[in-house]
Amino acid sequence: MYNIAGFTFSFPMEQKSLDSGYLVTWTKSFRVTGGVGEDAVQNLKDAIQRRGGFSVNIVAILNDTTGTLMAGSYLDHQCQIGMILGTGSNASYVENLENIDKWTDPIDDPKQVLIDLEWGAFGDNGVLDFMKSEYDFEVNKKSNHVNSFTFEKLFSGMYMGEVVRLILLKLIKERLMFKGQTTDKITKDWQFTTKCISDIMADTENDSRQTRHVIEEFDLGHVTSDDDVAIVKYLCYLVSVRAAKLIAAGLAVLITHIKKEQMTIAVDGSMYEHHPTLAKMIKDELHMLCPNTQAKFILAKDGSGRGAAFVAAVACKQSQLTHTNVYKQS
């Protein structure tokens with residue numbers, strides 16, 4: 001007897017059926033030579049067979065963003081958008097089938113389909129270069145996937161901390177911070193993580209203990225002035241505000257397209273969950289861009305995994321109904 005499973009695959013893929021998905025490219029920190037153009041479901045089945053010991057029937061594959069949207073719809077039936085905001089970023093939304101040129105099957109109920117936007121790749125054609133800073137260009141050069149996933153490199157958890165580190169390095173070299181002194185830790189790529197930003201943003205105007213703790217972790221405590229602490233806090237605030245504005249702009253496009261007065265946005269991801277002020281920043285920015293839409297945010301924790309389970313359950317239910325109908329007709 002087979003165990004039934006849904007497969008969350010958090011990479012761009014061309015999905016030709018519910019249970020097959022062909023990898024388009026690896027993203028984030030994954031730098032793998034194989035797999036592109038291959039069916040991820042079949043590869044997983046082959047790996048399970050090689051391992052042995054159990055059997056599983058993978059009835060559905062879906063992106064983590066569409067999984068989050070499914071999980072959000074289970075929690076709130078007005079959910080129209082799913083968003084991942086963690087190491088990388090992506091969004092999906094509910095679209096009417098009549099607007100999908102690629103759809104060749106009859107348009108029966110339900111008349112909607114989930115669209116995986118892969119919005120992290122927005123700007124790969126250069127349209128966002130006008131707004132990128134020198135630090136963004138440097139982050140791109142050092143990334144695993146140069147000139148790819150431009151949009152998410154501006155704000156997602158994989159990259160935002162590195163932007164702050166590069167700014168700090170420039171200020172140190174110009175002797176504007178930390179008495180011009182560097183350390184091995186602060187000069188090492190990718191060591192100032194987005195978690196550092198989240199910790200620093202937990203401080204208040206009159207309390208800088210977290211900021212000082214982060215600075216000490218980079219062996220800079222002995223050369224730190226009050227002004228240095230204030231600058232570090234301000235830099236983390238600035239990159240957080242920029243992130244909120246960019247995310248809200250992307251969501252505003254979807255909200256304008258969907259055209260509903262009320263809707264729910266389901267979000268999953270460590271950055272959204274753990275950054276202490278980002279969620280409110282995004283909501284405030286979105287309200288300014290879409291003042292006539294009441295947008296509600298919900299945290300769909302582990303939404304990608306739960307969404308895959310929901311889709312697998314629905315797929316099994318539909319399969320059982322189909323077999324029952326065929327039996328009755330025969």
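You'll find the structure just up there.
This structure is a prediction, so every number in the text was calculated from the model and none was measured. (Residues numbered from 1 in each chain as written. Predicted model: local features only at pLDDT ≥ 70, side-chain atom pairs only at ≥ 80, totals over all residues. Heavy atoms only, no water.)

**Comments concerning the sheet that holds strand E8 (residues 262–268)**
Reasoning step 1: Spatially, the five strands line up as an open sheet ordered E7-E6-E5-E8-E9, and their pairing is mixed. One side of each edge strand has no neighbouring strand; the edge strands of this open sheet are strand E7 (112–116) and strand E9 (294–299). Taking the axes of each pair of neighbouring strands and ignoring which way they run, one obtains an average angle of 20° across the sheet.
Reasoning step 2: Pairing of strand E5 (residues 79–85) with E8 involves five bridges; the strand directions are parallel. In the strand pairing of E8, isoleucine 84 is matched with aspartate 268.
Reasoning step 3: In this fold helix H8 (residues 226–258) packs onto E5, strand E6 (89–96), E8 and E9, with an angle of close to 160° to the strand it touches most, E5.
Reasoning step 4: Packing of helix H10 (residues 278–289) onto the sheet brings it into contact with E5, E8 and E9, and relative to E9 it is tilted by some 165°. (Pairing = 2+ DSSP bridges. Helix = DSSP H or I, 4+ residues; strand = E, 2+ residues; numbered from the N terminus. Axes fitted to C-alpha atoms, helices over the stretch in contact; angles between N-to-C directions. Contact = heavy atoms within 4.5 Å.)

**Some points on the layout of surface pockets**
Reasoning step 1: What the largest pocket holds in volume is close to 1,700 Å³.
Reasoning step 2: For the largest pocket, the lining is made up of 36 residues, of which Leu18, Trp103, Gln112, Val113 and Leu114 are closest to its centre.
Reasoning step 3: For the lining of the largest pocket, the elements supplying multiple residues, two or more each, are strand E2 (13–17), strand E4 (56–62), helix H2 (64–75), E5, E7 and helix H11 (303–329).
Reasoning step 4: Looking at the lining of the largest pocket residue by residue, the classes come out as 18 nonpolar, ten polar and eight charged. (1 Å grid on protein atoms, 1.4 Å probe; cavity = no way out; pocket = protein on both sides within 12 Å on 5 of 7 lines; lining within 4 Å. Points joined across faces, edges and corners; volume = space filled by probe spheres on them. Nonpolar A, V, L, I, M, F, W, Y, C, P; charged D, E, K, R; others polar.)

**Details of the pattern of salt bridges**
Reasoning step 1: The final tally for this structure, using the stated rule, is 15 salt bridges.
Reasoning step 2: A salt bridge links lysine 170 to glutamate 134; its shortest N-O distance comes to 3.1 Å. Here glutamate 134 lies in helix H3 (residues 134–142) and lysine 170 lies in helix H5 (residues 160–173), a separation of 36 residues in the sequence.
Reasoning step 3: Looking at glutamate 134, the relative accessible area reads 48%, which means it is partly exposed.
Reasoning step 4: Across the pair lysine 280 and aspartate 284 runs a salt bridge, and its minimum N-O distance is 2.8 Å. Of this pair, lysine 280 and aspartate 284 both sit in helix H10, separated by four residues, roughly a single helical turn.
Reasoning step 5: On the accessibility criterion, aspartate 284 (37% relative accessible area) is partly exposed. (Salt bridge = Lys/Arg side-chain N within 4 Å of Asp/Glu carboxyl O. Buried < 20%, exposed > 50% of the residue type's maximum accessible area, 1.4 Å probe, protein only.)

**A short note on the environment of asparagine 3**
Reasoning step 1: One can find asparagine 3 in strand E1 (residues 3–8).
Reasoning step 2: In this structure, the C-alpha to C-alpha distance between asparagine 3 and valine 253, residues 250 residues apart in sequence, is 40 Å.
Reasoning step 3: Dropping the residues within four chain positions of it, asparagine 3 is found in contact with Ser55, Val56 and Asn57.

**Concerning helix H6 (residues 194–201)**
Reasoning step 1: Burial within H6 is extensive, with six of its eight residues counted as buried.
Reasoning step 2: Within H6, the full set of buried residues consists of Thr194, Cys196, Ile197, Ser198, Ile200 and Met201.
Reasoning step 3: Buried-residue contacts for H6 involve H5, helix H7 (209–217), H8, helix H9 (270–274) and H10.

**Structural notes on unusual backbone geometry**
Reasoning step 1: Of note in this structure, asparagine 147 is not a glycine but carries a positive phi near 65°.
Reasoning step 2: Mapped onto the fold, asparagine 147 is located in the loop between H3 and helix H4 (150–153).
Reasoning step 3: Here the phi dihedral of lysine 259 falls at roughly 60°; this positive angle occurs in a residue that is not glycine.
Reasoning step 4: What makes lysine 259 exposed here is its relative accessible area of 70%.

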